[in-house]
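Each chain is listed here by its residues.
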Amino acid sequence: MISLNKDLKIILSTGQHRYDFIDAVINTSSFEPTKKCEILEALSKASKSDNFESITTSFKRISNILKQARERGIEFIYFNKRKVVEPEEKALAKKFLDISKNVNKLIKKKEYTKAFSQIISLREPLDDFFDKVMVMDENHALRNNRLAFLQEIENMFLQLANFSYVVAEKNR
């Protein structure tokens, strides 16, 4: 797999795509090189959205929180939508549940640009969630449910791209 990704990276690098987008698409669970090429095209288009940089930052924040929780040995397995408490958490859960099925359908239909648009639409509720909700709550049941929720959100992103590889425009 490493060799295939290395070869694919060389092939994709000959085009007009950003190196960080190539890395973001290669470092996902998809094994189909043609699918990765199509997703790369869609990611390039999606990056023109005003909310792209913000959603990239949110993804990185999610990934960091989950990584730190795992390092601390915290187990979070199942997201229970009935256990969301805060208004911002409820709003994010509603938006996520509304779009996650759409994202999966769009990916199956290879409509990757539309799938990215759906994911980018999470920007505002994600921002509100991080501004108002304490993920690492002292109540372990709340904390673990929130971590499981963030894991579901991260998994949806990772179907298309690993945004942790995306470099902010001002840092390029």
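How each quantity is defined
Residues numbered from 1 in each chain as written. Predicted model: local features only at pLDDT ≥ 70, side-chain atom pairs only at ≥ 80, totals over all residues. Heavy atoms only, no water. Patch = residues over 30% accessible without salt bridge, like charges linked within 9 Å, V, L, I, M, F, W, Y side chains within 5 Å. Areas by Shrake-Rupley, 256 points an atom, 1.4 Å probe, with all protein chains shown as cover. Salt bridge = Lys/Arg side-chain N within 4 Å of Asp/Glu carboxyl O. Lys, Arg positive; Asp, Glu negative; His and termini not counted. Charge placed at Lys NZ, Arg CZ, Asp CG, Glu CD. Helix = DSSP H or I, 4+ residues; strand = E, 2+ residues; numbered from the N terminus. Buried < 20%, exposed > 50% of the residue type's maximum accessible area, 1.4 Å probe, protein only. Core = buried A, V, L, I, M, F, W, Y, C linked by side-chain atoms within 4.5 Å. Contact = heavy atoms within 4.5 Å. Expected span 1.5 Å × (residues − 1). Polar contact = N/O pair within 3.5 Å; in protein donor to acceptor, adjacent residues only side chain to side chain. Phe/Tyr/Trp six-rings, centres within 6.5 Å; stacked < 30°, edge-to-face > 60°. Axes fitted to C-alpha atoms, helices over the stretch in contact; angles between N-to-C directions. Left-handed = near helix turned anticlockwise from the far one by under 90°.

**Q** Honestly, a positive patch on the surface in this entry has me stumped. Any pointers?
**A** Residues Lys-81, Arg-82, Lys-101, Lys-105 and Lys-109 make up a contiguous surface patch of positive charge. On the secondary structure map, Lys-101 appears in helix α5 (residues 87-108).

**Q** Please explain the pattern of salt bridges as it appears in this structure.
**A** Opposite charge on two side chains allows them to pair when their charged atoms are near. Going through the model one piece at a time under the given rule, you end up with six salt bridges. We note a salt bridge from Arg-18 to Asp-20, for which the minimum N-O separation is 2.6 Å. By relative accessible area, which is 15% here, Arg-18 ends up buried. In the salt-bridge network here, residues are joined through shared partners; they are Glu-89, Asp-137 and Arg-146.

**Q** Looking at this structure, I do not really get unusual backbone geometry. What am I missing?
**A** Working note: non-glycine residues mostly have negative phi, and peptide bonds are mostly trans. Positioned with a positive phi, Lys-110 is a non-glycine residue whose angle comes to about 60°. Structurally, Lys-110 is set in the loop between α5 and α6 (112-120).

**Q** Would you take a moment to explain the nonpolar core for this structure?
**A** Membership of the largest hydrophobic core comes to 50 residues, with the highest contact counts inside it found for Leu-43, Phe-116, Leu-122, Leu-150, Ile-153 and Phe-163. Sorting the residues of this core by element identifies α2 (19-26), α3 (33-46), α4 (52-71), α5, α6, α7 (123-132) and α8 (140-158) as the ones contributing at least two each. Among all residues touching Leu-122, those that are not within four sequence positions of it are Ile-55, Leu-92, Lys-95, Phe-96, Ile-99, Ile-153, Met-156 and Phe-157.

**Q** How should α8 be read in this particular structure?
**A** Residues spaced three or four apart along an α-helix point in a common direction, a consequence of the helix completing one turn every 3.6 residues. Taking 1.5 Å per residue as the helical rise, α8 with its 19 residues ought to reach 27 Å, and the 26 Å between its terminal C-alpha atoms agrees with that figure. Where α8 begins, the capping side chain belongs to Asn-139, and its oxygen is found 2.9 Å from the backbone nitrogen of Ala-141.

**Q** Got a minute to help me understand the packing of aromatic side chains in this structure?
**A** The geometry of an aromatic ring pair is captured by the separation of the ring centres together with the interplanar angle, meaning the angle of the planes. Per the stated rule, a full pass over the model turns up 10 aromatic pairs. Pairing Phe-79 with Phe-149 gives two aromatic rings, centres 4.4 Å apart and planes at 15°, and the pair type is stacked. Note that Phe-79 is positioned in the loop between α4 and α5 and Phe-149 in helix α8, a separation of 70 residues in sequence. Accessibility classification places Phe-79 together with Phe-149 in one group, the buried group. Pairing Phe-116 with Phe-163 gives two aromatic rings, centres 6.1 Å apart and planes at 70°, and the pair type is edge-to-face. Of this pair, Phe-116 sits in helix α6 while Phe-163 sits in the segment after α8, and the two are 47 residues apart along the sequence. Of the residues examined, Phe-116 reaches a relative accessible area of 0% and is grouped as buried. These aromatic residues form a ring-pair network of at least three members: Phe-21, Phe-52, Phe-59, Phe-116, Phe-157 and Phe-163.

**Q** Teacher, can you tell me more about the side chain of Asn-80 here?
**A** Structurally, the position occupied by Asn-80 is in the loop between α4 and α5. Here the side chain of Asn-80 touches Arg-82 through a polar contact of 2.9 Å, landing on its backbone nitrogen.

**Q** Looking at this model, I keep getting lost on the packing of α5 against α8. Mind explaining?
**A** The description of two helices packed together rests on the angle between their axes and the distance between the axes. The contact between α5 and α8 brings their axes to 11 Å, and the two run at 30°. Classified by chirality, the crossing of α8 by α5 is left-handed. Of the residues in α8, those in contact with Glu-89, Leu-92, Ala-93, Phe-96, Ile-99, Ser-100 and Val-103 of α5 are Arg-146, Phe-149, Glu-152, Ile-153 and Met-156.

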